[in-house]
Amino acid sequence: MLTVALASLRTRWTALTGTFVALALGVGLIAAMGLGLASTFGAPDRAPQRFASSPVVVMGDDTLTVPVRRGPSTGSASRKLAHPHPVDIELLRDLRALGPVTRDDGKDAVRARHEPDAVGVDAPVAEVRRVVGDRALVLTGDDRRRADPATARDAEGLLTANVLLGTAGGLTAFVSVFVVASTFAFAVALRRREFGLLRTAGATPGQLRRLLLTEAAVVGTLASAAGCALGGLGAPLLAGLLVDEGMAPPWFVIRPAAWPLHAAFWTGQAVSLAGVWAASRRAGRTGPAEALREADVDTGVLPPVRRLLGFALLAGAAFLMARTLATDPSALLKRKTYITQPMVLITAVALLSPLLVRPLSRLVRLPGATGMLVTANTSAALRRTAAVAAPVLITVALAGAVAGSAMTGPAAKAAEAREHTRADLVVTGEELRPRPVPGATLSASAPTAVYVREEGTALVASEARAVDDAKALARVGRLPVVAGDIADLDDGSIVVNEEWAQHTVGSTVRVWLGDGRPASLRIAAVLALGTGNNGAYVTRANAPAAAVDRIEVRLSPGADRALVEARLRGTGGTVRSTEQWLDATYPGAGPQTRTGLVVILGIALVYTLIALANTMLMAGSVRSSELDALRLAGATRPRVLAVVAGETLFAVGLGALLGLAVAGVHLAGLAAALASVSAPVVVSVPWALMGGAAGACALVAVGAALLPGAVRRRSPRTG
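Residues numbered from 1 in each chain as written. Predicted model: local features only at pLDDT ≥ 70, side-chain atom pairs only at ≥ 80, totals over all residues. Heavy atoms only, no water.

Our next topic: the overall build of the protein. When helices and strands are tallied, the protein shows 20 helices and 16 strands. For the protein, the proportion of its 719 residues judged to be buried stands at 49%. Residue pairs at least 24 apart in sequence account for 81% of intrachain contacts in the protein once pairs closer than 6 positions are excluded. (Helix = DSSP H or I, 4+ residues; strand = E, 2+ residues; numbered from the N terminus. Buried < 20%, exposed > 50% of the residue type's maximum accessible area, 1.4 Å probe, protein only. Contact = heavy atoms within 4.5 Å.)

Bringing the sheet that holds strand β6 (residues 137-140) into the picture now. The strand order across the open sheet built from four strands is β4-β5-β1-β6, with neighbouring strands paired in antiparallel fashion. Of all strands in the sheet, those with a lone pairing partner are β4 (101-103) and β6, marking the two edges. Averaged over neighbouring strand pairs, the angle between their axes works out to 30° when direction is ignored. Two strands pair when backbone bridges link them, and strand β1 (residues 56-59) and strand β5 (residues 118-121) are joined in this way by four bridges, in the antiparallel orientation. Of the residues in β5, the one forming a bridge with Val57 is Gly120. The strands that helix α4 (residues 125-132) touches are β1, β5 and β6; relative to β6, the one it contacts most, it runs at about 165°. (Pairing = 2+ DSSP bridges. Axes fitted to C-alpha atoms, helices over the stretch in contact; angles between N-to-C directions.)

Despite not being glycine, Glu455 shows a phi value in the positive range, around 55°. On the secondary structure map, Glu455 appears in the loop between β8 (440-454) and β9 (458-467).

The subject of this paragraph is helix α12 (residues 368-380). Every α-helical turn comprises 3.6 residues, leaving residues that sit three or four positions apart pointing alike. The end-to-end C-alpha distance of α12, which contains 13 residues, comes to 19 Å, matching closely the 18 Å that a straight helix rising 1.5 Å per residue would cover. Turning to α12, its buried residues number three or more, namely Gly371, Val374, Thr375, Asn377, Thr378, Ser379 and Ala380. (Expected span 1.5 Å × (residues − 1).)

What follows concerns the environment of Glu215. With respect to the helices and strands, Glu215 occurs in helix α7 (residues 205-244). A relative accessible area of 4% means that Glu215 is categorised as buried. For the pair Glu215 and Val276, spaced 61 residues apart in sequence, the C-alpha separation works out to 9.3 Å.

Summarising burial for β8: 12 of the 15 residues are buried, a large majority. As defined by bridge partners, β8 adjoins strand β15 (residues 550-555) across six bridges and the pair is classed as antiparallel. Bridged to Ala444 within β15 is Ile551. Of the pairings in the sheet, the one linking β8 to β9 comprises 10 bridges and is antiparallel in character. Residue pairing across strands places Arg453 opposite Leu459, the latter belonging to β9. Between β8 and β9, which pair antiparallel one after the other, the connecting turn spans three residues, and Glu455 there sits at a positive phi close to 55°.

Tallied over the entire structure, the rule returns 14 salt bridges. The partner of Glu579 in a salt bridge is Arg418, and the shortest N-O contact between them spans 3.3 Å. Highlighted residues: Glu579 in helix α16 (residues 578-585) and Arg418 in helix α13 (residues 382-419), separated in sequence by 161 residues. Through salt bridges with shared partners, a single ionic network connects Asp62, Lys80 and Arg146. (Salt bridge = Lys/Arg side-chain N within 4 Å of Asp/Glu carboxyl O.)

So, on to a nonpolar patch on the surface. On the surface, Phe311, Leu314, Leu355 and Leu356 cluster together to form a nonpolar patch covering roughly 300 Å² of accessible area. Elements with a contribution of two residues or more to the nonpolar patch: α9 (304-327) and α11 (354-363). Structurally, the position occupied by Phe311 is in helix α9. Judged by its relative accessible area of 42%, Phe311 falls in the partly exposed class. (Patch = residues over 30% accessible without salt bridge, like charges linked within 9 Å, V, L, I, M, F, W, Y side chains within 5 Å. Areas by Shrake-Rupley, 256 points an atom, 1.4 Å probe, with all protein chains shown as cover.)

Moving on to the packing of helix α10 (residues 335-352) against α11. At a minimum axis distance of 5 Å, the contact between α10 and α11 shows a crossing angle of 60°. Taken together, the axes of α10 and α11 lie oblique to each other. Here Ala350, Leu351 and Leu352 of α10 come into contact with α11, specifically with Pro354, Leu355 and Leu356. Here the residues of the contact of α10 with α11 sort into six nonpolar, no polar and no charged. (Parallel < 35°, antiparallel > 145°, perpendicular 65-115°, else oblique. Nonpolar A, V, L, I, M, F, W, Y, C, P; charged D, E, K, R; others polar.)

Another aspect to go through is the packing of aromatic side chains. To describe a pair of aromatic rings, one takes the distance between the centres and the angle between the planes. Summed over the entire model, instances satisfying the criterion amount to one aromatic pair. An angle of 90° between the planes, with centres 5.1 Å apart, marks the rings of Phe265 and Trp266 as edge-to-face. (Phe/Tyr/Trp six-rings, centres within 6.5 Å; stacked < 30°, edge-to-face > 60°.)

Look at α13 against helix α19 (residues 637-676): their axes get within 7 Å of each other, and the N-to-C directions meet at 30°. The orientation of α13 with respect to α19, classified from their angle, is roughly parallel. Along this stretch, α13 crosses α19, giving a crossing that reads as right-handed. (Left-handed = near helix turned anticlockwise from the far one by under 90°.)

Turning next to the confidence of the model for the protein. Mean pLDDT over the protein stands at 82; residues scoring 70 or higher make up 87%. In the predicted structure, residues 107-112 sits below a pLDDT of 50 and forms 14 contacts with residues beyond four places in sequence or in another chain. Below a pLDDT of 50 lies the segment residues 713-719, which in the model reaches seven contacts outside its immediate sequence neighbourhood of four places, other chains included. (pLDDT = per-residue confidence, 0-100.)

Within the element layout of this structure, Arg50 appears in the loop between α2 (13-41) and β1. Only 2.8 Å separates the side chain of Arg50 from the backbone oxygen of Ala147, close enough to count as a polar contact. (Polar contact = N/O pair within 3.5 Å; in protein donor to acceptor, adjacent residues only side chain to side chain.)

Counting 70 residues, the largest nonpolar core has Val175, Leu242, Ile346, Leu393 and Leu398 as its most contacted members. Elements with a contribution of two residues or more to this core: α2, α5 (149-190), α7, α10, α13, α17 (591-621), α19 and α20 (687-710). Top contributing element to this core by residue count: α13, with 13 residues. Apart from residues no more than four positions distant in its own chain, Leu398 is found in contact with Leu171, Val175, Ile346, Ala403, Leu601 and Ala604. (Core = buried A, V, L, I, M, F, W, Y, C linked by side-chain atoms within 4.5 Å.)

With respect to the element layout, Val599 can be found in helix α17. Overall, Val599 belongs to the buried group, its relative accessible area being 16%. The spacing of Val599 and Leu164 is 435 residues in sequence and 8.7 Å in space, taken between C-alpha atoms. Those residues in contact with Val599 that lie beyond four places of it in its chain are Met33 and Ala168.

In structure tokens, the structure reads:
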């Protein structure tokens, strides 16, 4: 069987070139991203930077740890404090008695005030521990890195790179299965008469299946090996891109690892065999009579198993969206959901797409004889049409769903922030100094956090704002209050949102404040959940270490705006109009998000273009008799090329239409999610991106379709 398969591959190598390239590219991307993931998991420990010359570092406690239930036993949960404890003056005095103390109050210091967040001490460790006791943390050796602000930034950068590489790797596997499966299925369909001849010569269905699986295994082995080599070369380039875009720490490099290459190689093999498995079963059912069949009308392109699987996935996609809307609508705004959930719907629609070809071809009436031939050929060649439409569907749907979701989140947040304020001016800065300004109401606030233990099993951190004057906040703000009154907020109360397990006005909730102090606060008001901007509110007395970074200003009637702005500059911040502040704070998708979208959608587009070119070249290589018949019937060469181009554009248009429908369903669910959390329904539809993807698909598909016909310069002679 191997000999027959190799002979078949030598004969049909041109038809499988596109599959080889797509599979090699997919394996290469998986290998490169796997090597990147391995480098994020096993990142080398960096030496302490901030207090490298000090053998001991004394650092204020920066972590809140509380007991929680872990099944039948008790464990602990920890969260980083919003306001780490400083090394106080008294402790500094005691440490100086032991030896030299090094301070670092530069720009990277967490707290550059009279009381530093950490100091280096040149003294015996045992003496330092005795003096410090439980007043602070004593760090030695590599643990001194905890005092480096770069440590947290590096961890965040590694997490960002990890998420992007994992998402892109999963998407690569998803798209490559589609491309390889559709390509192999179409290639098998084109070989129907060949299989009929083999059956006539005595080949059994099992032998046909083994032949195709052997061909796929050979192609998969060669493509996977080439892909692993390509991934090894491309991984350093990928790491450089992540570093340049700020999505990984500056020191991030690819380190040698074997398991990503093994995973990529065997994934390529699995994708190749899985892609041809269903097609091989259909080939095994080819009867000897197929060798004599001349009809080009495709039948049986949607077997019962595919139909059942398609409708099951369609029902599953509807169930997932309905459950998410019912239980956690805000999850639809999260990257993990809006990238993975549309894949189920895309798979379902791609499986069922042959059902739509003939109904749509009947609805679309193209003028003239050329239009009639286009619709007739499209309806007859269902496999070719579906093979072209499927990759276009993937690209357009992912562009609409993923990019649309990524753009909708910031747009909804910006609209929500605009609705929640009555301010005319906004002052921002790191440590503002609020002061009364005649002719204006000022609402100053500082970023902080509160922590709550929910159901005794989890410690949940909630972003919060600490305000000076709750009544000023009520006058300047327009918060989405669903119960209570913002003006009732005082030092013994808190404002929460509906996401909190306890959100009944008047009830008491036990929390830990931003500096770790426990407190029992009465709920003064409850806010709608929104897009996530509606955090908790406390007074400045409950966040004394928080520095004011925002002052919202509402002008009184008849106030001199220029004079108010001049006086506000004395606070030490930047004075802007509310619209200017909103534009600066919510600029849309950030650079990291845009880079991620380029990587993810670029993979889908490259695969689509390869699949389209390969499919059209394969189709053109076997259509000579059909095109010759058209010419013998009187069709001119331009008309024949117009028919071929029209069929291709129709199939691309069908895929784009289905992709648009999938993206529309997903974005409609996103709109419903925004409405259910009482957020502004602002949905961004990336028309230009979807149109550009469809246009690129059309250009490549038509060019590849016309290439076989373009070389036939003369009409056939009847003899």
